[in-house]
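As a plain string of letters, each chain reads:
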Amino acid sequence: MSHTTMMIDPGLPTGQFTDVISSHRDHVGLVKFGWGTALVTRDLDRKIAVLREAGIGFYFGGTLFEWYLVQGRLDDYLTLVDRTGATHIEVSNGTIPLDQPGKAGWVRRMTRYRPVLAEVGYKDAERSATLSPADWAGAILEDLDAGAELVITETRESGRSGMARPDGHLRDDVLDAVLARVDADRLLFEAPTKELQVDLIRAIGVDVNLGNIAAADLVAVETLRRGLRGDTLLQMTLPRTVSFA
Amino acid sequence: MSHTTMMIDPGLPTGQFTDVISSHRDHVGLVKFGWGTALVTRDLDRKIAVLREAGIGFYFGGTLFEWYLVQGRLDDYLTLVDRTGATHIEVSNGTIPLDQPGKAGWVRRMTRYRPVLAEVGYKDAERSATLSPADWAGAILEDLDAGAELVITETRESGRSGMARPDGHLRDDVLDAVLARVDADRLLFEAPTKELQVDLIRAIGVDVNLGNIAAADLVAVETLRRGLRGDTLLQMTLPRTVSFA
Amino acid sequence: MSHTTMMIDPGLPTGQFTDVISSHRDHVGLVKFGWGTALVTRDLDRKIAVLREAGIGFYFGGTLFEWYLVQGRLDDYLTLVDRTGATHIEVSNGTIPLDQPGKAGWVRRMTRYRPVLAEVGYKDAERSATLSPADWAGAILEDLDAGAELVITETRESGRSGMARPDGHLRDDVLDAVLARVDADRLLFEAPTKELQVDLIRAIGVDVNLGNIAAADLVAVETLRRGLRGDTLLQMTLPRTVSFA
């Protein structure tokens, strides 16, 4: 089984973006141009050329989909997807008043244009907290049933809401409920902090799909996967350990 | 009304600085070389050439003014301003024992050399907390009366003191007292965190002047201004919203 | 007395690494390729060439030593050190179950190959908290006696464990116990946060050896050393102060 690391671009300057992809392309599976940043990125076409050259897929944050949808301008969104060659479409309802069945309907419709990444969870911490473990599992199954290729679990950039607790660690109750009904390889976990990256690698294993990884953390995440950092070293190496004292 | 976004340079390497200005110059109105970093920047002249080429004004952090003043070396400071072509002078009393009327006197004197940005608030959180809302408004009016082009409100890099509460959000009581007596376009709010950027855009609007914005956050701030991020999306787009469910 | 600032590379892309060293080489004494990042760095040889050209020493994080040691592959580690020309070896027991006398034994053995930087303290906050001030001082003396050139005090990247308290400030009790028995110039303090950098410069002085400094903070640390930032301005300049009001 192979895994995906999704890097978020929150508006990197073009030179830095190129440098990151050139140096770290082995550790990036997918790039998301975060929320609506694509619309204020001067060199978007150059960034996309860099990704195409490296063979890395990309898409726009779900918030951009919502921004077009709430204004009744979805045609413009599809034109953007088409013109840029985005490889995926993210469908979410993190911000706008669109309920879960309504979102699943959009997942189904968008699969006509691109493989869909559906997101579950809300940007607002209090609203996300109203979702029970069963709600999470149900929403994920509904989105997969509607044709989503992967379902993304929301945690925001702070890593302290959605699938995460206010203390920054994973909501085990949600994770258990979800994994009881969904294969981990159909999930892409937003894990913007080391706490969440470590929790997920320990809970699910080296091949867990991780998203919202900052460019600055790509190498660090790869070392966590391989047991090359203190947090996961013993877990990954002890089976092979020999006497050393 | 047009707005200013002031980027702080805390000591970026020269290549990155050039890359940021090249990619994001549409989103930067003014650059501050933070505190005394200018004196330990090997390529200061190259950075300045990049700004001049892009038509972006710049100045040195108020702490550098205070550093020269407290040593009785203000002539050396003015020589630096002159040699580098800094477009503004920041006058502050965030660190040294200089009282408000004394600072206003320096504002008045410095206007002979450059347009002055005057800062209100102290670096020390406890000292800043002694300022009442009326003190903030009074100090701002005194600095404007002394000839300041803009008055900057201090929050430090943590965004948790000065105009900000320890929880990271804006001090509404101070803001209300200030806006009752001062036009928002005479103010430049230090807003180093997303919490403060969102609070200020919601309270004052898309054209609020924001300062101490990190290079890495320039695009993000622009998306907040335009309603392209979850935090401000509904506020900016709902008036135009049509049915979408 | 001259001081060392050790920069940690957590996996910078090659262009940025080159840019940082080019711009800030006056402010870097030593570079650590953090934990096991060296093994997932595509352009390690180019980074090393940049350091060699700038005359800056480098080594691999102690976790990489532990990773090889726990697998019984220390020969491979020494081959890596030899092939890359690393100038130092860090010996630590921050993660693996190796006790202090055992670690001191490895310090002694590794001095045959390179000058050794020995680390005291554990990655796990609770385990580090079990060390008394006398334990810290004793371990440091034992490592120096085993031949370490410098002893590094652990604080992790959060700056909230090891030599640091959970509130992010320095453990004065540990510092006092250590400085009563060890010269400060035999110590390299991990100080990844501004709080710790300020505390250490105030406690020990401008020439304190600081480690785990991020590339983005090199200039800021230098300004703290020189009194060019609010936090240390009055301490460094007041002796020379003249009247200025």
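Residues numbered from 1 in each chain as written. Chains lettered and ligands numbered in written order. Predicted model: local features only at pLDDT ≥ 70, side-chain atom pairs only at ≥ 80, totals over all residues. Heavy atoms only, no water.

Chain A is annotated in an unreviewed UniProt entry as Phosphosulfolactate synthase from Amycolatopsis pithecellobii. Under the UniProt heading Sequence similarities (unreviewed entry), the note attached to chain A is "Belongs to the phosphosulfolactate synthase family." (UniProt positions renumbered as here; feature names shortened; annotations may be inferred.)

To continue, consider the interface of chain B and chain C. One frequent convention defines the size of an interface as the accessible area lost when the parts assemble. In this assembly, 28 residues from chain B lie in contact with 28 residues from chain C. Both sides together, the interface formed by chain B and chain C hides about 2,500 Å², and carbon and sulfur atoms give 58% of it. Interface area lost by chain B to chain C is led by W35(B), V40(B) and R42(B), which between them contribute 27%. Where chain B meets chain C, there are two salt bridges. With a closest N to O distance of 3.3 Å, D231(C) and R156(B) form a salt bridge. Between chain B and chain C we count 10 residue pairs in polar contact (both at pLDDT 80 or more) in total. Mapped onto the side of chain B that touches chain C, the elements with two or more residues apiece are α1 (14–24) and α3 (62–70) of chain B. In terms of residue count, α3(B) provides more of the side of chain B that touches chain C than any other element does, five residues in total. Per-class residue counts for the side of chain B that touches chain C are 14 nonpolar, 10 polar and four charged. (Contact = heavy atoms within 4.5 Å. Buried area = accessible area lost by both parts, 1.4 Å probe. Salt bridge = Lys/Arg side-chain N within 4 Å of Asp/Glu carboxyl O. Polar contact = N/O pair within 3.5 Å; in protein donor to acceptor, adjacent residues only side chain to side chain. Helix = DSSP H or I, 4+ residues; strand = E, 2+ residues; numbered from the N terminus. Nonpolar A, V, L, I, M, F, W, Y, C, P; charged D, E, K, R; others polar.)

Right, let's get into the relation of the copies chain A and chain B. In screw terms, the move from chain A to chain B is a rotation of 120° and a rise of 0.0 Å along the axis, fitting with an RMSD of 0.0 Å. Each copy turns onto its partner about a three-fold axis. Closest to the rotation axis within chain A is the C-alpha of Q16(A), separated from it by 4.2 Å. Here only 4% of the interface residues in chain A have copies in chain B that are interface residues too; the copies meet through unlike faces. (Least-squares fit on C-alpha atoms with pLDDT ≥ 70 in both.)

Remark on secondary structure: sheet strands pair via backbone hydrogen bonds, oriented parallel or antiparallel. Residues and elements named next belong to chain A. With parallel pairing, the eight strands of this open sheet are ordered in space as β3-β2-β1-β8-β7-β6-β5-β4. With one partner strand each, in any of the chains shown, β3 (57–60) and β4 (89–91) form the two edges of the open sheet. Neighbour-to-neighbour, the strand axes of the sheet open up by a mean angle of 25°, direction not taken into account. As paired strands, strand β5 (residues 116–120) and strand β6 (residues 150–153) are joined by four bridges and run parallel to one another. Residue pairing for β6: L117 is matched across the bridge by L150. Docked against the sheet, helix α1 (residues 14–24) engages β1 (5–9) and β2 (30–33), running at close to 170° with respect to β1. (Pairing = 2+ DSSP bridges. Axes fitted to C-alpha atoms, helices over the stretch in contact; angles between N-to-C directions.)

A word on the sheet that holds strand β4 (residues 89–91) of chain C. Residue and element names in this part refer to chain C. In spatial order, the strands read β3-β2-β1-β8-β7-β6-β5-β4; together these eight strands make up an open sheet with parallel pairing. Since the sheet does not close on itself, it has two edges, and those belong to β3 (57–60) and β4, each with one partner. Ignoring strand direction, the axes of neighbouring strands in this sheet form an average angle of 25°. In terms of strand pairing, strand β2 (residues 30–33) meets β3 through four bridges, oriented parallel.

As a further point, take α3(B). With nine of its nine residues buried, α3(B) lies for the most part within the structure. Every buried residue of α3(B) is accounted for by G62(B), T63(B), L64(B), F65(B), E66(B), W67(B), Y68(B), L69(B) and V70(B). Buried residues along α3(B) sit in contact with β3 (57–60), α4 (74–84), β4 (89–91) and α5 (100–110) of chain B together with α10 (218–226) and α11 (230–237) of chain C. Downstream of α3(B) by a residue or two, G72(B) has a phi angle that is positive, lying close to 70°. (Buried < 20%, exposed > 50% of the residue type's maximum accessible area, 1.4 Å probe, protein only.)

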